[in-house]
Amino acid sequence: MKRRRESEKQSSSELRSVIEELSLLTVMKLKHHNHDPVAANHQENNTHLPLKPFLALCNFLLHLLDKIGPTMIVLRQDISRNIQRLEKMQESDPKLYSNVVEILKKEANEGTSRKVTSSSKAFLWLTRSLDFTVNLMELMEKDTEVDMLHAVEEAYESTLKPWHRWISSTAYRVALKLVPDNKTMIDILLSEAKDEETLKDDLKTFTKLLIPLLDDIHSILETYDLDMLKAS
């Protein structure tokens, strides 16, 4: 019994923890370094988007997908692979590449940002995965009894599908049809909160913080001509 309570406490802290990371990211986003007069003339050069809290968001998504189970393995593999690419890039220069924009800038200057294995593309697809997540959570927040298959398909149609080519789209459609039913999904999310009311509050806070942040991230991606790229 004690072990179960500890497990529930740990699970419930995951969502709160990522909300804290998201709050930090929101506070730090788009800070401009005024000490550099040259960079001050170029907004794309002095924009700061910390990598660590961004990856914490993505790892939370992996945490949820693990709870859902193997039905979402396609999405999970994509997210995990893209997280690893960004982590590897940061390891090459931890201080410089603690800022995502420095990664985008480096690859844009080298002409490698559009390559399949680029960190820029990894960042782009992680952002789109978060678009999908926040869209789905908004639908669930509005109606906890929403049909999960319908909600997942709606979220997919509006966030990921426009950027998937036929093969990717077909693979995702097969996977998404295997998502848990509403009750199972709610139970999974409830493991992240004390009760349903707390869950609703946490989901509302999560989406409220994430939506404007994603808007800013898409603006950064547009600056580097990445926002309209499709799957390779």
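Residues numbered from 1 in each chain as written. Predicted model: local features only at pLDDT ≥ 70, side-chain atom pairs only at ≥ 80, totals over all residues. Heavy atoms only, no water.

(A) Looking closely at the overall build of the protein. On a plain count of helices and strands, the protein comes out with nine helices and two strands. Reading the secondary structure of the protein in the N-to-C direction produces α-β-β-α-α-α-α-α-α-α-α. Looking at the 232 residues of the protein, the share that counts as buried comes to 48%. For the protein, the computed accessible surface area is about 12400 Å², with 52% contributed by carbon and sulfur atoms. (Helix = DSSP H or I, 4+ residues; strand = E, 2+ residues; numbered from the N terminus. Buried < 20%, exposed > 50% of the residue type's maximum accessible area, 1.4 Å probe, protein only. Areas by Shrake-Rupley, 256 points an atom, 1.4 Å probe, with all protein chains shown as cover.)

(B) Structural context of a negative patch on the surface. A cluster of acidic side chains, namely D143, E145, D195, E196, E197 and D201, defines a negative patch on the protein surface. Its location among the elements puts E197 in helix 9 (residues 196-223). The exposed category is assigned to E197, whose relative accessible area is 53%. (Patch = residues over 30% accessible without salt bridge, like charges linked within 9 Å, V, L, I, M, F, W, Y side chains within 5 Å. Salt bridge = Lys/Arg side-chain N within 4 Å of Asp/Glu carboxyl O. Lys, Arg positive; Asp, Glu negative; His and termini not counted. Charge placed at Lys NZ, Arg CZ, Asp CG, Glu CD.)

(C) Structural view of empty space enclosed by the protein. Taken as a whole, this structure holds three cavities of 30 Å³ or more when the rule is applied. Approximately 160 Å³ is the volume attributed to the largest cavity. In this structure, the largest cavity is lined by 17 residues; those nearest its centre are L65, I68, F132, L136 and M185. A class-by-class count of the residues in the lining of the largest cavity yields 16 nonpolar, one polar and no charged. (1 Å grid on protein atoms, 1.4 Å probe; cavity = no way out; pocket = protein on both sides within 12 Å on 5 of 7 lines; lining within 4 Å. Points joined across faces, edges and corners; volume = space filled by probe spheres on them. Nonpolar A, V, L, I, M, F, W, Y, C, P; charged D, E, K, R; others polar.)

(D) How the structure looks around helix 6 (residues 148-159). Look at helix 6: 16 Å from first C-alpha to last across 12 residues, which is about the 16 Å you get at 1.5 Å a residue. Taken residue by residue, helix 6 has M148, A151, V152, A155, Y156 and T159 as its buried positions. All buried residues of helix 6 project into a common sector of 130° when viewed along the axis, lining one side. (Expected span 1.5 Å × (residues − 1). Arc of directions from axis to C-beta.)

(E) A look at the nonpolar core. Core analysis: the largest hydrophobic core is formed by 68 residues, its most contacted members being L49, F54, L57, L86, F123, F132 and F206. Looking at this core element by element, the count peaks at 12 residues for helix 5 (residues 119-142). Apart from residues lying up to four places away in sequence, F54 is in contact with L25, L86, F123, L126, T127, L130 and I217. (Core = buried A, V, L, I, M, F, W, Y, C linked by side-chain atoms within 4.5 Å. Contact = heavy atoms within 4.5 Å.)

(F) Broad picture of the packing of aromatic side chains. Counted by the stated rule, this structure contains two aromatic pairs. Geometrically, the ring pair formed by F60 and F206 is tilted, given 6.2 Å between the ring centres and 55° between the ring planes. Taken together, the positions of F60 in helix 2 (residues 51-68) and F206 in helix 9 put the pair 146 residues apart, joining distant regions of the chain. As far as burial versus exposure is concerned, F60 and F206 are alike and both buried. (Phe/Tyr/Trp six-rings, centres within 6.5 Å; stacked < 30°, edge-to-face > 60°.)

(G) Molecular detail of helix 4 (residues 100-110). Within helix 4, burial applies to V100, V101, E102, I103, L104, K105 and E107. Residues of helix 4 that are buried make contact with strand 2 (47-48), helix 2, helix 3 (73-92), helix 5 and helix 9. Two or three places before V101, at the start of helix 4, stands the capping residue N99, its side-chain oxygen 3.1 Å from that residue's backbone nitrogen. With its phi angle positive at about 75°, G111 sits one or two positions after the end of helix 4. (Polar contact = N/O pair within 3.5 Å; in protein donor to acceptor, adjacent residues only side chain to side chain.)

(H) Inspection of the side chain of D227 at higher detail. Tracing the sequence through the fold places D227 in the segment after helix 9. Notably, D227 is buried but unbridged: the nearest opposite-charge side chain belongs to R128, and the N-O separation is 5.1 Å. Here H218 takes part through its side chain, which lies 2.8 Å from a polar atom of the side chain of D227. Setting aside chain neighbours within four positions, we find D227 in contact with L124, R128, W163, H218, L221 and E222.

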